[in-house]
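Structure assessment
Listed below, chain by chain, are the residues.
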Amino acid sequence: MAQKGVQLDRENFSCSICLDLLKDPVTLHCGHSYCMNCIKSFWDEEEEKKIYSCPQCRQTFTPRPVLMKNTMLADLVEQLKKTGLQAAPADHCYAGPEDVACDVCTGMKLKAVKSCLVCLVSYCEKHLQPHYDVAPLKKHKLVEPSKKLQENICSRHDEVMKMFCRTDQQSICYLCSVDEHKGHDTVSAAAERTERLEVSRQNIQQRIQDREKDVKLLQQEVEAINQSADQTVEHSEKIFTELIHLIQKRSSDVKQQIRSQQETEVSRVKELEEKLEQEITELKRKDAELKQLSHTEDHNQFLHNYPSLSALSESTDSSSINIRPLKFFEDVTAAVSEVRDKIQDLLREDWTEISLTVTEVEPEPKTRAEFLKYSREITLDPNTAHTYLLLSKGNKRVTLMKQDQFYSDHPDRFTKCWQVLSRESLTGRCYWEVERRGGGVYVAVAYKNISREQSWKKCGFGRNAQSWALNFSKDAYTFWYNNSQTPVSGPRSSRVGVYLDHRAGILSFYSVSETMTLLHRVQTTFTQPLCAGLWLHCFGNTAKFCKLKQTCF
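Analysis parameters
Residues numbered from 1 in each chain as written. Predicted model: local features only at pLDDT ≥ 70, side-chain atom pairs only at ≥ 80, totals over all residues. Heavy atoms only, no water. Salt bridge = Lys/Arg side-chain N within 4 Å of Asp/Glu carboxyl O. Helix = DSSP H or I, 4+ residues; strand = E, 2+ residues; numbered from the N terminus. Buried < 20%, exposed > 50% of the residue type's maximum accessible area, 1.4 Å probe, protein only. Patch = residues over 30% accessible without salt bridge, like charges linked within 9 Å, V, L, I, M, F, W, Y side chains within 5 Å. Areas by Shrake-Rupley, 256 points an atom, 1.4 Å probe, with all protein chains shown as cover. 1 Å grid on protein atoms, 1.4 Å probe; cavity = no way out; pocket = protein on both sides within 12 Å on 5 of 7 lines; lining within 4 Å. Points joined across faces, edges and corners; volume = space filled by probe spheres on them.

Between side chains of opposite charge, a pair can form when the charged atoms approach closely. Scanning all chains against the criterion turns up 22 salt bridges. In this structure, Arg166 engages Glu195 in a salt bridge whose closest nitrogen and oxygen atoms are separated by 2.4 Å. Here Arg166, found in the loop between strand S8 (163–165) and strand S9 (170–172), pairs with Glu195, found in helix H8 (residues 189–293); they are 29 residues apart in sequence, far enough to count as distant. We note a salt bridge from Asp253 to Arg250, for which the minimum N-O separation is 3.6 Å. Here Asp253 and its partner Arg250 are both found in helix H8, three residues apart, which amounts to about one turn of the helix. By relative accessible area, Asp253 is classed as partly exposed at 23%. By relative accessible area, which is 47% here, Arg250 ends up partly exposed.

What follows is the structure, given as structure tokens:
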């Protein structure tokens, strides 16, 4: 029992940041203790905000607390080191609180490696050996260690429940089948399992076939959309080209008419000018002759010649002269301007209608049933997960561990933040739900090219312009974008729904319980496909993408 106490002591004296024994321990006002250098480094990254928080409970402190070494805790850690009280050696494999213990071991129990469904006992490696060596025991059914073996014992008859009552849908023992379940539809548990497995697999196979048909229909729809869009673009370009050619032709016609009229008017004016010039020449000649005649002293000679000199030709009609400098064709300009204004007005009015026809914006769903029409199956991408994140089988659930999971190196893996992205790229209209356990969970969307290796201030969800995140702390919600936080009010719930309309630039977060309550809504422009993301802050916390219409955990 002393050894077990040692393990608990070591865990209590470990720093939750570096996961090692405390070095120069300091205790915050909230009661949590850390290595002095670890908490200093953590707070250095929060320096710009001037708000300093506890990494475990997220309690904030302003101003930055002065750190003082906890001498009592430091002495206890030193004693722990000197007395050699370390964690139990790996080769002992002692059972911890979360492990299945060997039922045969006495005193300090070892971890069980197998459970026997016949003996209804869990065995460590040593006590399991007879099941490998003794012939009758070799026939027993061994499974992975289970804490639920006693659930296989009938509470009434203290017998192993090897039967299944289909009438009452429960496991029973043989005595139950001839007693209170007499006359019921009963079969062996193995037969029920086989039939259920077969039925489930048939259902799954049928659903696979149905979904494959749906996929083909969607592919056909994509092909039809692309074909329709290509044809529409081609026809639109043709129509606009014809319209441009028509305007160009009308412009050429107007230009030709103006030039023709210009030539006519100029010719008329030149002709009139020529007549006037001829008249002026004749008048000047007459004036010269009269002047010369005026010098004649013989009055009779003057009177004799005067009638021929005084007779003038018919004068040109000056009323035909109509001078309008630079205004000959102003009516044409006005008419063309009027046509331009009418075309602009027509295009402005019709363009709005064309634009609405193309975008066809749909209203945001209102009820959960409407949201579920856009439900999207989300799975986590192991290649992006931080090495402290443990993914479940199927990659739906993630848990923040204190130990490295030793994932292989990958360029997409986050190295500074305990976060992970989805495999799926999200466009169009999508809806999904996340169930969380514990505080300090960020539910996010992000572009796939978000930074992986910079500090958490740069690559953390919501701490940059490539991601949007809603934080579930213990007592409150906070929305983060581009390192700016917005307090969010709303009912506390362990489940959040996320609705994305990528084309419309809408991102909404909902608190989901018996009703849906909008927590925060974003209206922006998304320039790339998005991925769903999760960021866990406290060890042991868990978050999972829910399979909708079923219980999440």
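On we go.
This next bit is on a nonpolar patch on the surface. A grouping of Phe240, Leu243, Leu246, Ile247, Val339, Ile343 and Leu347 is seen on the molecular surface, where their side chains present a nonpolar patch of about 590 Å² in accessible area. The set of elements that each furnish at least two residues to the nonpolar patch consists of H8 and helix H10 (330–359). At four residues, H8 tops the list of elements feeding residues into the nonpolar patch.

All right, on to empty space enclosed by the protein then. Under the criterion given, the structure shown has one cavity of 30 Å³ or more. Roughly 40 Å³ of volume is contained in the largest cavity. Every residue lining the largest cavity is listed: Glu45, Lys49, Trp456, Lys457, Arg463 and Asn483.

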